Amino acid sequence: MMTPAPAADRRRLRRRHWRSRFMLALTAAATALILAPLFLILYYVAREGAAALTPAFFLQTPRPVGMPGGGMANAIGGTLELLAIAILAGVPLGLIGGIYVAEFRRERFASGVRFAADVLNGTPTIVVGLFIYAVVVVPMRRFSALAGGLALAVIMIPVVLRAAEEVLRGVPKGYRDAALALGASRWRMVAGVVLPSARVGLVSGALLGVARVAGETAPLLFTAFNNSFWSGYIDQPISSLTVQIYDYAISPYASWHAQAWAASLTLIAIIVGIGAAARLTFARRRKGMA
Amino acid sequence: MSRLVRDASRRAATPRRRFGDAVFAWIARALAAVAPLLIVGIGWQLVRGSALTRHAFGWRFLSSSAWDPVFSHFGAWPFLFGTLVTTAVALILAVPLSIAVAIFLVEQAPFWLRGPVGYLVELLAAVPSVVYGLWGIFVLAPWLQRNAEPWLAARLGWLPLFRGPAYGVGFLAAGLILAVMIAPYIIGISREVIAAVPRAYRDGAYALAATHWDAIWGVVLPAARTGIWGGVMLGMGRALGETMAVTMVIGNRPAVSASLFAPGYTLASVIANEFTEATTAMYVSALLEIGLVLFAITLLVNIVARVMVWRAERRWGGRAA
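Since the model is a prediction, treat every value here as computed from it, not as a measurement.

Draft legend 1. The arrangement of the overall build of chain B in detail. A tally of helices and strands in chain B yields 15 helices and two strands. Structurally, chain B occupies a C-alpha span of about 75 × 60 × 30 Å along its principal axes. Burial analysis of chain B (321 residues in total) assigns 50% to the buried set. Taking all contacts inside chain B whose residues are at least 6 apart in sequence as the whole, residues at least 24 apart take part in 75%.

Below you can see the structure in the form of structure tokens.
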């Protein structure tokens, strides 16, 4: 049997409900506050970048200050080449590491690998640059696209590894059981059943890794260095959008600043595009499985 | 795979198949070993490369403020100081806001809003560091110099933190940018661990007449505490090692200053700025030792962070990271 609450209790209850509503409203305000810089950055990049996006930006190489025109064609090409090297070196290693961690998860070493991948993922990218400088640039005696691509690969490996692990864990247990019950050996089960059924998810995991490294600058500063000219050579310094943005941003010239904004817009478009591709493939996988 | 099938499969295995599986397992192990080997390799290269300065200066390297490449006097204190101050500013700003955003996303936001807001938060992490830096140089720093820093100095100038000339570039600018950059990491983990707190905990709180906020503050957050701290430590690791955005807005002056308005330097920025210009063996060694200090700090922070997140995961059986 309920007794009516005294007026003081009712007031206190009402006050607590108001406080609850107020605090929750504050969380909404915090969300707006955190997202405000994102919108500001995107706004400035779009406004300043669009103004400087000319055909020359995509077709020409850098020119000295004062000369009209000049663009970042070689930097765009360089970024693509660096990403290609990073994919070739990083995706297979990350993928096989992910397969190992997912398929042999009961082994103690598997948790060690997973832990190492997480720690590697949190290692400052500039430190990765120093490492590649010591093991690639010094023996080769020069900055090179290879060194830059390998630095990006080191950063990419843990991302791909963990993403692949997640995807492989999602493959239904029945698939594995069925393969083994048909007499398949373990590696036949993985290669013939698990991997094909997880294919789309693995592609999306690899794309996540690419998106993560596409915007990296610090590990390229003293590995890939920079180059004012076209260079496809793997053993020569190469330009990249990110390093070019940095060099232009800290220069004193307005025309270079404008190009840095344009390059930022291009870079963000590339990264968001890769991310969207990863999302789309992943969404398709989920629909296919449902 | 179920034990029954596994055992049956093992019994049926011919020697040849067993051999094939062993080869597969060892190839996988060998290639997976790349991740731990990289960590060992990074540490070893930095230790080896910094031998000159480690022997010349010993532990004084960490406490000395000398940075004179011409006379080969090197000390890391101004850089260490800058890294710690900018990280502290970033955490003070980002932690409460990020936890609030995580609460909003799990508890408060209407369902149609959760996906888009979550995507935008992830986008914060996808914007390249160098673009944050570009924006910092041309938008944030001038605004700080003209508006925010004079305003702070007028109201909070009695604190040494907010005194002195407004440079725009400096500890405050770097801390602000870092706060925005690490927020998505803290939000991501906090969101997962808050969502993993069992429904029954909340129901129990409601049954005791708790309001929504009482339940969050009194029950959900304490239950998610370990995981949230793990997320904070992860964010801290990012802030300590973040390079480009900080290099572009911190002013690059190796000075220890009480004022947040003053320009400074960080461990990561001095490597980024000076490594390609380092001409003497001592200079290179000093920068590699700075890299070693940075690596050691972030390694420690990341290990602690991961252990915390894992403990939180095991508690609820969810997968937070």
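Draft legend 2. Region of interest: the interface of chain A and chain B. Every contact between the two is made by 77 residues of chain A and, on the other side, 74 residues of chain B. Here the element with the most residues in the side of chain A that touches chain B is helix H1 (residues 7-52) of chain A; it accounts for 19 residues. Grouping the amino acids of the side of chain A that touches chain B by side-chain chemistry returns 53 nonpolar, 17 polar and seven charged.

Draft legend 3. Representation of the nonpolar core within the structure. Residue and element names in this part refer to chain B. Core analysis: the biggest nonpolar cluster contains 200 residues, and Ile177 and Val249 have the highest contact counts within it. The residues that make up this core include at least three from each of domain 1 (3-32) and domain 2 (61-316). Apart from the residues lying within four places of it in its own chain, the contact partners of Val249 are Gly133, Gly136, Ile137, Leu140, Ala141, Val169, Ala173, Ala174 and Ile177.

Draft legend 4. Region of the structure containing the domain arrangement of chain B. Domains assigned within chain B are domain 1 (3-32) and domain 2 (61-316). Computed from C-alpha coordinates alone, the two centres of domain 1 of chain B and domain 2 of chain B are separated by 46 Å.

Draft legend 5. Molecular detail of the packing of helix H3 (residues 73-103) of chain A against helix H2 (residues 15-32) of chain B. Across the interface, H3 of chain A lies against H2 of chain B with an axial gap of 8 Å and an inter-helix angle of 120°. What the angle tells us is that H3 of chain A and H2 of chain B run oblique. Of the two elements, H3 of chain A crosses H2 of chain B, and the hand of that crossing is left-handed. On H2 of chain B, the residues touching Leu93, Ile96, Gly97, Ile99, Tyr100 and Val101 of chain A of H3 of chain A are Ala28, Arg29, Leu31 and Ala32 of chain B.

Draft legend 6. View of unusual backbone geometry. A positive phi angle, close to 60°, is found at Phe225 of chain A, a residue other than glycine. Take Phe225 of chain A: it is sitting in the loop between helix H9 (199-214) and helix H10 (241-249). Positive phi values are uncommon outside glycine, yet Ala209 of chain B reaches one of about 70°. Note on placement: Ala209 of chain B falls in the loop between helix H10 (199-207) and helix H11 (212-223).

Rules and cut-offs
- Residues numbered from 1 in each chain as written.
- Chains lettered and ligands numbered in written order.
- Predicted model: local features only at pLDDT ≥ 70, side-chain atom pairs only at ≥ 80, totals over all residues.
- Helix = DSSP H or I, 4+ residues; strand = E, 2+ residues; numbered from the N terminus.
- Buried ≥ 20, exposed ≤ 12 C-beta atoms within 10 Å, placed from the backbone.
- Contact = placed C-beta atoms within 7 Å.
- Nonpolar A, V, L, I, M, F, W, Y, C, P; charged D, E, K, R; others polar.
- Core = buried A, V, L, I, M, F, W, Y, C linked by C-beta atoms within 7 Å.
- Domains from an automatic or database assignment.
- Axes fitted to C-alpha atoms, helices over the stretch in contact; angles between N-to-C directions.
- Parallel < 35°, antiparallel > 145°, perpendicular 65-115°, else oblique.
- Left-handed = near helix turned anticlockwise from the far one by under 90°.

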